[in-house]
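Descriptive analysis of the structure
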Amino acid sequence: MRPTKREELVGKALRTFYAHGFHATGMDRLVEETGISKTSMYKHFRSKEELIVAALKLRDTQFRDWLFHRMAALGKTPREQLLAAFDALTEWVVEPDFRGCMFVKAASEYQEVDNPIHAQAARHKALLLEHFRDLAALAGANDPALLARQLLILKEGAIVAAQVEGCREATVQAKAAAATLLDNALAH
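Below you will find a few notes about this structure. These numbers come from a predicted model, not from an experiment. (Residues numbered from 1 in each chain as written. Predicted model: local features only at pLDDT ≥ 70, side-chain atom pairs only at ≥ 80, totals over all residues. Heavy atoms only, no water.)

Quick notes on the layout of surface pockets
- Taken as a whole, the largest pocket holds about 290 Å³ of empty space.
- Tyr18, Arg59, Trp92, Glu95 and Asp97 are, among the 14 residues lining the largest pocket, the residues nearest its centre.
- For the lining of the largest pocket, the class distribution of residues is 8 nonpolar, 1 polar and 5 charged. (1 Å grid on protein atoms, 1.4 Å probe; cavity = no way out; pocket = protein on both sides within 12 Å on 5 of 7 lines; lining within 4 Å. Points joined across faces, edges and corners; volume = space filled by probe spheres on them. Nonpolar A, V, L, I, M, F, W, Y, C, P; charged D, E, K, R; others polar.)

This is the structure in structure tokens:
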């Protein structure tokens with residue numbers, strides 16, 4: 001099914017924001033990169049911030065669908081799926097258009113916690129944490145919430161190291177640390 005004009009705009013804006021940042025991407029650049037006039041943009045979104053929230057919602061769906069699918073495909077057990085998150089990240093960080101975590105960028109550019117953009121970034125992280133916690137519980141962790149938080153911290157750190165330092169091995173190193181955390185959390 002062909003995407004609507006609004007969906008097409010959000011998808012193109014998502015790619016533009018990811019490549020150039022939020023504050024650095026003005027309406028003129030959006031017009032240039034998306035091929036959609038300012039009039040059309042404002043017909044669908046009252047402000048650039050509304051468009052950013054829509055782009056983040058799309059990215060959230062795309063990223064979680066991709067990550068959770070890869071985790072399930074690469075791991076048979078909940079423990080294996082938690083470790084597979086780092087294998088999936090390894091695939092992602094070597095892609096030529098990898099620019100780090102869009103949600104961390106959004107939260108850093110819009111730092112007020114009540115800002116809708118910051119709130120959307122926080123929601124994404126909360127949904128990841130919930131999935132990791134559910135898997136940790138299924139794996140038999142003695143404190144699934146703590147294990148999930150620790151694994152998410154490793155995940156975030158690996159993405160930052162890959163993006164900021166260019167350390168593509170960070171995801172592999174984070175996986176090794178995650179295996180140790182899992183061994184400790186699953187020992188009864």
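Notes on the side chain of arginine 59
- In this fold, arginine 59 is placed in helix α4 (residues 48-74).
- It is glutamate 95 that comes nearest to the buried, bridge-free arginine 59 among opposite-charge side chains, at 7.1 Å.
- Sequence-distant contacts of arginine 59, defined by excluding residues within four places in its chain, comprise Leu14, Trp92, Met102 and Phe103. (Helix = DSSP H or I, 4+ residues; strand = E, 2+ residues; numbered from the N terminus. Buried < 20%, exposed > 50% of the residue type's maximum accessible area, 1.4 Å probe, protein only. Lys, Arg positive; Asp, Glu negative; His and termini not counted. Salt bridge = Lys/Arg side-chain N within 4 Å of Asp/Glu carboxyl O. Contact = heavy atoms within 4.5 Å.)

Re the packing of helix α5 (residues 78-93) against helix α7 (residues 116-139)
- Two numbers describe how α5 lies on α7: the axes approach to 8 Å, and their chain directions differ by 145°. Contact residues: α5 offers Pro78, Arg79, Gln81, Leu82 and Ala85, while α7 offers Phe132, Leu135, Ala136, Leu138 and Ala139.
- Considered class by class, the residues forming the contact of α5 with α7 number 8 nonpolar, 1 polar and 1 charged. (Axes fitted to C-alpha atoms, helices over the stretch in contact; angles between N-to-C directions.)

Some points on the packing of α5 against helix α8 (residues 144-165)
- Where α5 meets α8, the closest approach of the two axes is 11 Å, and the angle between their N-to-C directions is 15°. Considering their axes alone, α5 and α8 lie roughly parallel with respect to each other. For the element pair α5 and α8, the recorded crossing hand is right-handed. Facing Leu82, Phe86, Leu89, Trp92 and Val93 of α5, the residues of α8 in contact are Leu151, Leu154, Lys155, Ile159 and Ala162. (Parallel < 35°, antiparallel > 145°, perpendicular 65-115°, else oblique. Left-handed = near helix turned anticlockwise from the far one by under 90°.)

Things to note about the pattern of salt bridges
- Enumeration according to the criterion identifies 11 salt bridges in this entry.
- Salt-bridge contacts for aspartate 60 lead to arginine 64; the nearest nitrogen and oxygen are separated by 2.8 Å. Residue aspartate 60 and its partner arginine 64 are both found in helix α4; the two are separated by 4 residues, about one turn of the helix.
- Among the residues examined, arginine 64 registers a relative accessible area of 18% and is labelled buried.
- Residue arginine 79 pairs with aspartate 183 through a salt bridge whose shortest N-O separation is 2.6 Å. Of this pair, arginine 79 sits in helix α5 while aspartate 183 sits in helix α9 (residues 170-186), placing them 104 residues apart in sequence.
- The partly exposed category is assigned to aspartate 183, whose relative accessible area is 45%.
- Salt bridges linked by common partners bring Asp60, Arg64 and Arg123 together as one network.

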